[in-house]
Amino acid sequence: MQKSPQDLPQSDRPVVRKWRLAVVSFYGSLLVVMLMLALTSSHDVQIAGTSEPLPSLKK
C-alpha cells in the first residue's frame, strides 16, 4: 500500500515536497505548452456528409 506524506519520517518530508513540486511544475508546463499550441494552430475542419457541399466551400 502507498504511504502518505504524513506516514514518512520527518527527515524525508522535504524530499517528497521537492519531488512533488518538480513533478507538478514539469507536467504543468507541458500542459500549458500543449494548450498554447492547440489555441494558436489553425484548424481546417471539414465535416463529412452525404449531401452536396455548400457553394461557399467549393473551390
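Reference entry: report on the structure contained in this document. Note that the structure is a prediction, hence the values are computed from the model and not measured. (Residues numbered from 1 in each chain as written. Predicted model: local features only at pLDDT ≥ 70, side-chain atom pairs only at ≥ 80, totals over all residues. Heavy atoms only, no water.)

**Notes on the overall build of the protein**
In terms of helices and strands, the protein carries one helix and zero strands. On the protein, roughly 6200 Å² of surface is accessible, and the fraction owed to carbon and sulfur atoms is 65%. (Helix = DSSP H or I, 4+ residues; strand = E, 2+ residues; numbered from the N terminus. Areas by Shrake-Rupley, 256 points an atom, 1.4 Å probe, with all protein chains shown as cover.)

**Quick word on the packing of aromatic side chains**
Taken as a whole and judged by the stated rule, the model has one aromatic pair. Considering the side-chain rings of Phe-26 and Tyr-27, the 5.0 Å spacing of their centres and the 80° angle between planes classify their relative orientation as edge-to-face. Residue class for Phe-26 comes out partly exposed when judged on its relative accessible area of 48%. The exposure class of Tyr-27 is exposed, given its relative accessible area of 53%. (Phe/Tyr/Trp six-rings, centres within 6.5 Å; stacked < 30°, edge-to-face > 60°. Buried < 20%, exposed > 50% of the residue type's maximum accessible area, 1.4 Å probe, protein only.)

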